[in-house]
Amino acid sequence: MATYQLTVNGQRREVTVDPSTPLLWVLREDLKMTGTKYGCGVSACGACTVHVAGIATRSCVLPVSHVGERPVTTIEAMGEDPVGRVVQDAWVEQDVVQCGYCQSGQIMCAVALLKQTPRPTDTNIEESMGGNICRCATYVRIREAVKVAAQKLK
């Protein structure tokens, strides 16, 4: 066991866990932040995506010991982020969500994309969002929501 000082959504948080514990479980179990979802545990589905120093990162395979001083942002903070708020609004406007399980990871990837590439092409969207699995197959609406958000961010 080791003690880690993490900055999550702008707040310093202290956890004492095994160094190999994935960030996902620290967020969900230790910090009680359940917006980030467990999907596959092998970085294949995207449900666990958070931002680590602004980069969309699969938290199910990132040991907490590798986070270091880099800030972590979760879906819980997206409503306070200007780009995150626009993306969430576009998700609602485009009626993206069906079961909703994958949506926190989808939104985190979309926000990271729009922060890096404010005017994404279809190819940019496909490449950035392609690693996120949606069991309800709302991919067309997800792509449209990213486009709507990009337009509103102009």
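All values reported here derive from a predicted model rather than from experimental measurement.

Draft legend 1. Seen up close, the packing of helix 3 (residues 103–116) against helix 4 (residues 122–129). Axis separation between helix 3 and helix 4 bottoms out at 10 Å; the angle between their running directions is 135°. Classed by the angle they form, the pair helix 3 and helix 4 counts as oblique. Considering the relative orientation of helix 3 and helix 4, their crossing is right-handed. Residues Gln-106, Cys-109, Ala-110 and Leu-113 of helix 3 touch helix 4, and the partners they reach there are Asn-124, Ile-125, Ser-128 and Met-129.

Draft legend 2. Region of interest: the packing of helix 2 (residues 82–93) against helix 5 (residues 139–152). The geometry of helix 2 relative to helix 5 is characterised by a closest axis approach of 8 Å and an angle of 130° between their N-to-C directions. As far as their axial angle goes, helix 5 and helix 2 are oblique. Once helix 2 is placed against helix 5, the crossing between them reads as right-handed. Listed contacts from helix 5 to Val-86, Val-87, Ala-90, Trp-91 and Glu-93 of helix 2 are Ile-142, Ala-145, Val-146, Val-148, Ala-149 and Lys-152. Of the residues assigned to the contact of helix 2 with helix 5, the class counts are nine nonpolar, no polar and two charged.

Draft legend 3. Summary view of the nonpolar core. Within the largest apolar cluster, 25 residues are counted, with the highest numbers of intra-cluster contacts made by Val-87, Trp-91, Ile-107, Leu-114, Met-129 and Val-146. Taken together, the elements giving at least two residues each to this core come down to helix 2, helix 3, helix 4 and helix 5. Excluding residues that lie within four positions of it along the chain, Met-129 makes contacts with Trp-91, Gln-106, Cys-109, Ala-110 and Ile-142. Among the nonpolar cores identified, the runner-up in size contains 16 residues, and Leu-23, Leu-27, Val-50 and Leu-62 belong to it.

Draft legend 4. Just the environment of Val-148, in detail. Locating Val-148 in the fold gives a position in helix 5. In this structure Val-148 comes out as buried when scored by relative accessible area, which is 16%. For the pair Val-148 and Met-1, spaced 147 residues apart in sequence, the C-alpha separation works out to 45 Å. Leave out the neighbours within four places in its chain, and Val-148 touches Ala-90, Glu-93 and Gln-94.

Draft legend 5. Region of the structure containing the side chain of Thr-74. For Thr-74, the location among the structural elements is in the loop between strand 5 (72–73) and helix 2. A distance of 2.5 Å separates polar atoms of two side chains, one belonging to Thr-74 and the other to Glu-76. Those residues in contact with Thr-74 that sit more than four places away from it in its chain are Val-8, Asn-9, Leu-27, Met-33, Thr-36, Val-50 and Met-108.

Cut-off values and rules
- All chains use their own residue numbering, which begins from 1 and follows the written sequence.
- Predicted model: local features are reported for residues with pLDDT of at least 70 only, side-chain atom pairs are reported and counted for 80 or more only, and whole-chain, interface and lining totals are derived from all residues.
- Excluded from the side-chain calculations are hydrogens and water; all other atoms, namely the structure's heavy atoms, are used.
- Helix axes are fitted to C-alpha atoms over the stretch in contact, other axes to C-alpha atoms as well, and angles between N-to-C directions run from 0 to 180 degrees.
- Under the scheme used here, helices are H or I runs from DSSP no shorter than 4 residues and strands are E runs no shorter than 2 residues, and both carry numbers assigned from the N terminus.
- When describing relative orientation, an angle under 35 degrees is termed roughly parallel and one over 145 degrees roughly antiparallel, while 65 to 115 degrees is termed roughly perpendicular and anything else oblique.
- Each crossing is labelled by how the near helix is turned from the far one, with a counterclockwise turn of less than a right angle marking it left-handed and a clockwise turn marking it right-handed.
- Contacts are residue-level and defined by heavy atoms, with any inter-residue pair within 4.5 Å sufficient.
- We call Asp, Glu, Lys and Arg charged. Ala, Val, Leu, Ile, Met, Phe, Trp, Tyr, Cys and Pro are nonpolar, and the rest, Gly among them, are polar.
- What is meant by a nonpolar core is a set of buried Ala, Val, Leu, Ile, Met, Phe, Trp, Tyr and Cys residues, joined one to another through side-chain atoms within 4.5 Å.
- Remark: exposure states derive from per-residue accessible area (1.4 Å probe, protein chains only) relative to the maximum for the residue type, with buried under 20%, exposed over 50%, and partly exposed in between.
- For this analysis, a polar contact is any N or O atom pair within 3.5 Å, provided that within protein one partner can donate a hydrogen and the other can accept it, and provided that sequence-adjacent residues contribute only side-chain to side-chain pairs.

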